[in-house]
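Remarks on the overall topology
Spelled out from the first residue to the last, the chains are:
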Amino acid sequence: MSRRRTLGTKKKIALLVGAATVAGGGAFVMANASNAAQTTQDARTKAAQDAGVCQGLATALGNNQRFIEGQRADPDAQSQARIENREAVVAEIERKQAASGCAVGESAQDSQTSQPPQAGQEAGGQDTGEQAGDQAGDQAGEQVCAGSTVTLSGEGGAPAASSNQFPVGTKLRVTNLDNDKSTTVEVNSVSGSCALLNNAAFEQVREEGKFLIRRALIEKVG
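Residues numbered from 1 in each chain as written. Predicted model: local features only at pLDDT ≥ 70, side-chain atom pairs only at ≥ 80, totals over all residues. Heavy atoms only, no water.

From N to C terminus, the protein includes four helices and eight strands. Ordered by position in the sequence, the α and β elements of the protein form the string α-α-α-β-β-β-β-β-β-α-β-β. Taken across its 222 residues, the protein has 32% of its residues classed as buried. Looking at the protein as shown, the accessible area adds up to about 12,900 Å², and 53% of this sits on carbon and sulfur atoms. (Helix = DSSP H or I, 4+ residues; strand = E, 2+ residues; numbered from the N terminus. Buried < 20%, exposed > 50% of the residue type's maximum accessible area, 1.4 Å probe, protein only. Areas by Shrake-Rupley, 256 points an atom, 1.4 Å probe, with all protein chains shown as cover.)

Let us now look at the nonpolar core. The nonpolar side chains of a soluble globular protein tend to be buried, and buried together. Counting residues in each nonpolar core, the largest one holds 31 residues, and the members touching the most others are V150, F166, L197 and I218. Of all the secondary-structure elements, those providing two or more residues to this core are α1 (9-73), α2 (79-99), β4 (171-176), β5 (181-190), α4 (199-205) and β8 (216-220). Top element by residues in this core is α1. It accounts for six residues. If we ignore the near neighbours within four places in the chain, the residues touching L197 are V150, T151, L152, S153, A160, A161, V174, T183, V185, F202 and V205. (Core = buried A, V, L, I, M, F, W, Y, C linked by side-chain atoms within 4.5 Å. Contact = heavy atoms within 4.5 Å.)

Pairing is mixed in the open sheet, where six strands are placed in the order β1-β8-β4-β5-β3-β6. Pairing within the sheet leaves two strands with one partner each, and these edge strands are β1 (142-144) and β6 (196-197). Relative to β5, β4 runs antiparallel, the two being bridged by six bridges. Note on β5: the bridge partner recorded for V174 is T183. (Pairing = 2+ DSSP bridges.)

Quick look at the side chain of N198 now. In this fold, N198 is placed in the loop between β6 and α4. Judged by its relative accessible area of 4%, N198 is buried. Among the polar contacts listed, one links the side chain of N198 to the backbone oxygen of A158, at a separation of 2.6 Å. Leaving out residues up to four positions away in the same chain, N198 has contacts with S153, E155, G156, G157, A158, P159 and A160. (Polar contact = N/O pair within 3.5 Å; in protein donor to acceptor, adjacent residues only side chain to side chain.)

What follows is about the environment of L217. Among the secondary structure elements, L217 is positioned in strand β8. Put simply, L217 and T149 are 68 residues apart on the chain and 8.9 Å apart in space, counted from C-alpha to C-alpha. Not counting residues within four places of it along the chain, the set of residues in contact with L217 comprises Q143, R173, V174, T175 and L177.

What follows concerns the side chain of S163. Tracing the chain through its elements places S163 in strand β3 (residues 161-163). With a relative accessible area of 2%, S163 lands in the buried category. Only 2.6 Å separates the side chain of S163 from the backbone oxygen of C194, close enough to count as a polar contact. When residues no more than four places from it in sequence are discounted, the contact partners of S163 are V187, S189, V190, S191, S193 and C194.

Taken as a whole, this structure holds five salt bridges when the rule is applied. Of the charged contacts, one joins R72 and E87 as a salt bridge, the two residues approaching to 2.8 Å between their closest N and O atoms. Here R72 is found in helix α1, whereas its partner E87 is found in helix α2, with 15 residues between them in sequence. Judged by relative accessible area, E87 falls into the partly exposed class, the value being 36%. (Salt bridge = Lys/Arg side-chain N within 4 Å of Asp/Glu carboxyl O.)

Before going further, it helps to examine the layout of surface pockets. Volume-wise, the second largest pocket comes out at about 150 Å³. Lining the second largest pocket are 12 residues, and of these G56, K210, F211, L212 and R214 lie nearest its centre. With four residues, α1 is the largest single contributor of residues to the lining of the second largest pocket. (1 Å grid on protein atoms, 1.4 Å probe; cavity = no way out; pocket = protein on both sides within 12 Å on 5 of 7 lines; lining within 4 Å. Points joined across faces, edges and corners; volume = space filled by probe spheres on them.)

Taken as a whole, this structure holds two disulfides when the rule is applied. The partner cysteine of C145 in its disulfide is C194, sulfur to sulfur 1.9 Å. The S-S bond linking C145 to C194 shows a torsion near 85 degrees; that makes this disulfide right-handed. Of this pair, C145 sits in the loop between β1 and β2 (150-151) while C194 sits in the loop between β5 and β6, and the two are 49 residues apart along the sequence. When its relative accessible area of 1% is taken as the criterion, C145 is described as buried. Assigning the bonded cysteines of the protein consecutive numbers by sequence position, one obtains the connectivity 1-2, 3-4. (Disulfide = S-S within 2.5 Å.)

On their own, these measurements won't tell you what the molecule is for.
Quick look at the structure:
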């Protein structure tokens, strides 16, 4: 007859505890590795978001600085008012750069505005095709200022806009085609753009971290 060996109760308990310890240790290591990977991914995501914010601010700053230079190089009766408006925008952008940890005063020229005037474009930066679009946009809801970008003025208050083409009281609908958000605002002052939104209006249509709407649909609705 063969004799079967049996384990005592204490040995069985010791083996079970050892196995549980090994399994628990493996799970702890896996959890730590997972947490470390998530932390690294979160850090990379934040860094990318911060870079996008700084790039957007730098682009907006470059656009406004270039506009000011253009107004000073070829002034007209409203140039001083436009320059003062844009200088306020520049100051607001620099404050946002400081608050976001970006290099204050760093600017980047937008590819659309950094090119020299093309045939049919005025020295002041307004395309004659836009003027034709404005005339065609006399009817409410029709597109105006085709191809124009939209940025913010840095001004507070209720949602509103300023414009160099439409009188005070005109209502404009601005749609950000990158996120399909729209806002309808009333022109309440003069600026150097077809449609320059104040802070409250821009917040309604902006993409997070961006201070320039490259793909904008601007419509005259009143």
